[in-house]
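# Coordinate analysis (summary)
Now for the letters of each chain:
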Amino acid sequence: MGAKTGKQYIERLKKAKNTVYVDGEKVEDVTEHKAFKNVVNSMARLYDIQHEKKEKMLYTSPTTGDQVGMTFKHPTTIDDLIARREATQEWARSHAGMMGRSPDYLNAEVMAMGMNNSLFAEADERFADNARKYYEYARENDISLTHTLIHPQVNRAKAEHEQKDANVSLHLVEENQDGIIVDGIRLLATQAAITDETLVFPSTVKKAGELDDPYSLAFVVENNAEGVKMISRESWDYRDNKWDYPLSSQFEEGDAIVSFENVFIPWERVFVCGNSDICNRTFGDTNAVVHMAHQVVSKAIIKTEFILGVALSIMEAIGIDQFQHVKDKGRDIMITLETMRSHIYRAEHNAKLDESGMMTPDFAALNAARNWYPRIYPKLAEIIRVLAASGLTGIPTQADFENEEIGDILRRGLQGAHVDGYERVQLFRLAWDLTASAFGTRQSHYEYYFFGDPVRMGMTYFDTFEKEPYKNFVKDFLSDLK
Ligand SMILES: Cc1cc2c(cc1C)N(C[C@H](O)[C@H](O)[C@H](O)COP(=O)(O)OP(=O)(O)OC[C@H]1O[C@@H](n3cnc4c(N)ncnc43)[C@H](O)[C@@H]1O)c1[nH]c(=O)[nH]c(=O)c1N2
Ligand SMILES: O=C(O)Cc1ccc(O)cc1
């Protein structure tokens, strides 16, 4: 079928009837439910953009000749990488970088794991074949995906097999002729309610030992499969009004706990079965982490552009842009933006073909960026809050402005340097939704954690950094002084 439209996305979700719970109730139709309908429309918009900007967003499938999504493209040249990035950034502009799980993120994962799939063959040739075929299936049918990597937060001091109830975490129950049976819980699946399928992969930030083999699985499951329950947290999309809630009323993706009750997964959808050694290498050896980081940094650039725009607009609205610390804070955001742009440039222009023939960005540049941005993002949010000051909470609603008795008071009383109160408050409500509403706070939390715990990622970063040249540099410098 090729790249789908927004309408087709919604129709598929309606038909699938994913098993979703929110606020203690089973959801009949996520496309109509108040917790999800707005973000469903934002996702639909992404799929429509594919067709509105065909040149940038689509390419011809090498297997069927259909027009398929650019964010699925297997890159073999630097130009391909740039084209993937431009497609990602086109999408990101439509959601101001607020949708962490726009489909390009996991399209990058299935592409890399499908095309650089020899790791999966170490256990069984069929698994590598499954990964390749799944990539093609996802691309040709424009499957929307979430993923779930984390074991429940029971006792992080222990391995999974050592937990007091070792059956809580998702584990292998049985292998049979047709497939596997799995049972247990996985965290956390952003957008689980509103996507077609879930990639159940290991987190490799913490390496698993052999005794955790039963928990070491990689497979994909349909979000309406028998025995699967998506238990979504309460929605932080409080009201439909886009003036009052400019971001949360559009981009509240939802995060879900995924429960598997003796779920059958056919062999065709299994990539790793009970093998911690292979699981520990899934993101690294396939270069999926590199392509995902390429998407992440590309999107972060657009998000930072948006944050800079909000900061500059606040400065102008209340006439604070001549103050030294205000300029300094603006400078911090500008430098973050330029730094991220430099990372992506180096990553793309130093890209090399990997052993599988996939053009792979320079991971050194992307790895630095993906380790740095989570640490800097909460500071960007803080800058917005500090600049906005009381304006972040002095934010009446559109209804207040429309009330005859108080509307004019607000227009006058809340005016800015060059704008009336209505315009100024709309901007400050955006600043609030970006940084301080439940939605905005989650954005900071998401940026900090979604790619793994930054502390443990940082330890791995330090441990794997090639240090000898720098130590030798100093050693040689000192020895020349003798
Ligand atoms: C908003 C949002 C959205 C998502 C996700 C998170 C969030 C916040 N995630 C989950 C994400 O991958 C996860 O948060 C990180 O990997 C960190 O793991 P835990 O949350 O389990 O923290 P964890 O429980 O491991 O850590 C809690 C605290 O303990 C510390 N700690 C624990 N073990 C430690 C150790 N061995 N050494 C040092 N410190 C240690 C950590 O540093 C941290 O401060 C996710 N995942 C997913 O698969 N799909 C998804 O869609 C999403 N979406
Ligand atoms: O676990 C990993 O090694 C990489 C990873 C972590 C989170 C994520 O969303 C994607 C990949």
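Just so you know, these numbers come straight off a predicted model, no measurement behind them.

On to the side chain of Gln191. Along the chain, Gln191 falls in the loop between strand 7 (179-190) and strand 8 (197-200). The residues touching Gln191, leaving out its near neighbours within four places in the chain, are Met43, Met99, Arg101, Thr146, Glu253 and Gly254.

Attention shifts here to the packing of aromatic side chains. Taken as a whole and assessed by the stated rule, the structure comprises 21 aromatic pairs. Measuring from ring centre to ring centre gives 4.8 Å for Trp243 and Tyr422, while their planes differ by 25°; the resulting arrangement is stacked. With Trp243 in the loop between strand 10 (228-232) and helix 8 (248-251) and Tyr422 in helix 16 (residues 421-435), this pair connects stretches of sequence that are 179 residues apart. Residue classification places Trp243 among the buried residues on the basis of a relative accessible area of 7%. Relative to Tyr470, the ring of Phe465 lies with its centre 5.9 Å away and its plane at 40°, an arrangement referred to as tilted. For Phe465, a relative accessible area of 39% gives the class partly exposed. Tyr470 gets classed as exposed once you look at its relative accessible area, which sits at 51%. A connected cluster of aromatic rings, assembled from ring pairs, spans Phe120, Tyr134, Tyr137, Phe201, Phe271 and Phe283. One residue, Lys4, lies across the ring of Tyr47, its end atom 4.5 Å from the ring centre. Above the face of the Tyr135 ring, Arg139 is positioned so that its terminal group lies 5.0 Å from the ring centre.

Taken together, 20 residues lie around ligand 1, and Arg101, Arg156, Leu188, Asp453 and Arg456 are the ones closest in. With respect to ligand 1, the backbone of Leu188 contributes an N or O atom lying 2.5 Å from a nitrogen atom. At 3.2 Å, a side-chain N or O of Tyr449 approaches an oxygen atom of ligand 1. A total of 960 Å² of accessible area belongs to ligand 1 in isolation, and the protein chains cover 75% of it.

This paragraph deals with the UniProt feature "binding site: FAD" (unreviewed entry) in the protein. The sites that UniProt annotates as "binding site: FAD" (unreviewed entry) are His147, Thr148, Leu149, Gln153, Val154, Asn155, Arg156, Thr190, Asp453, Pro454, Val455 and Arg456. The named residues occupy 310 residues along the chain; their greatest pairwise C-alpha distance, 22.5 Å, places them well apart from one another. The topology assignment puts Val455 in helix 18 (residues 454-464). With a relative accessible area of 44%, Val455 lands in the partly exposed category. Contacts of Val455, omitting those with residues within four sequence positions, involve Arg375 and Tyr448. With respect to the secondary-structure elements, Arg456 resides in helix 18. Assessed through its relative accessible area of 35%, Arg456 is described here as partly exposed. Within the local environment of Arg456, its side chain forms a polar contact with the side chain of Asp453, the two groups lying 2.7 Å apart.

Here we take up the nonpolar core. If you look at the biggest cluster of nonpolar residues, it comprises 133 residues, and the most contacted ones within it are Phe36, Phe120, Phe219 and Phe260. Ranked by the residues each element gives to this core, the list is headed by helix 11 (residues 288-317), at 16 residues. Built from parts of two domains, this core gets at least three residues from each of domain 1 (6-285) and domain 2 (288-479). For Phe36, the residues in contact, after removing those within four places along its chain, are Val20, Val22, Val27, Val30, Ala193, Ile194 and Ser232.

Moving on, we come to helix 11. Across its 30 residues, helix 11 extends 43 Å between first and last C-alpha, which sits within 8% of the 44 Å expected from 1.5 Å per residue. Judged by how many residues are buried, helix 11 sits mostly within the fold: 24 of 30 residues are covered. Looking one or two residues past helix 11, Gly319 carries a phi angle of roughly 60°, positive in sign.

Roughly 160 Å³ of volume is contained in the second largest pocket. Surrounding the second largest pocket, Val22, Asp23, His33, Lys34, Ala35, Asn38, Glu234, Ser235, Asp237, Tyr238, Arg239 and Asp240 form its lining. Of the residues that constitute the lining of the second largest pocket, the class distribution is three nonpolar, three polar and six charged.

Our focus in this paragraph is the domain arrangement of the protein. How big an interface is tends to be reported as the loss of accessible area on association of its parts. The domain architecture assigned to the protein consists of domain 1 (6-285) and domain 2 (288-479). Spacing between the C-alpha centres of domain 1 and domain 2 amounts to 25 Å. The interface is formed by 50 residues belonging to domain 1 together with 47 residues belonging to domain 2. Carbon and sulfur atoms supply 66% of the area buried between domain 1 and domain 2, which totals about 4,100 Å² over both sides. Seen at the junction of domain 1 and domain 2, the total is three salt bridges. Close ionic contact of Arg85 with Glu348 constitutes a salt bridge, the shortest N to O distance being 2.7 Å. Put simply, domain 1 and domain 2 have 18 residue pairs in polar contact (both at pLDDT 80 or more) between them. Breaking the side of domain 1 that touches domain 2 down by element, the ones donating at least two residues are helix 4 (78-94), helix 5 (104-115), helix 8 and helix 10 (282-285). For the side of domain 1 that touches domain 2, the leading source of residues is helix 5, giving nine residues. Here the side of domain 1 that touches domain 2 is built from residues that sort into 24 nonpolar, 15 polar and 11 charged.

So, how was this worked out
Residues numbered from 1 in each chain as written. Chains lettered and ligands numbered in written order. Predicted model: local features only at pLDDT ≥ 70, side-chain atom pairs only at ≥ 80, totals over all residues. Heavy atoms only, no water. Helix = DSSP H or I, 4+ residues; strand = E, 2+ residues; numbered from the N terminus. Contact = heavy atoms within 4.5 Å. Phe/Tyr/Trp six-rings, centres within 6.5 Å; stacked < 30°, edge-to-face > 60°. Buried < 20%, exposed > 50% of the residue type's maximum accessible area, 1.4 Å probe, protein only. Lys NZ or Arg CZ within 6 Å of the ring centre and 35° of its normal. Near = heavy atom within 4 Å. Polar contact = N/O pair within 3.5 Å; in protein donor to acceptor, adjacent residues only side chain to side chain. Areas by Shrake-Rupley, 256 points an atom, 1.4 Å probe, with all protein chains shown as cover. UniProt positions renumbered as here; feature names shortened; annotations may be inferred. Core = buried A, V, L, I, M, F, W, Y, C linked by side-chain atoms within 4.5 Å. Domains from an automatic or database assignment. Expected span 1.5 Å × (residues − 1). 1 Å grid on protein atoms, 1.4 Å probe; cavity = no way out; pocket = protein on both sides within 12 Å on 5 of 7 lines; lining within 4 Å. Points joined across faces, edges and corners; volume = space filled by probe spheres on them. Nonpolar A, V, L, I, M, F, W, Y, C, P; charged D, E, K, R; others polar. Buried area = accessible area lost by both parts, 1.4 Å probe. Salt bridge = Lys/Arg side-chain N within 4 Å of Asp/Glu carboxyl O.

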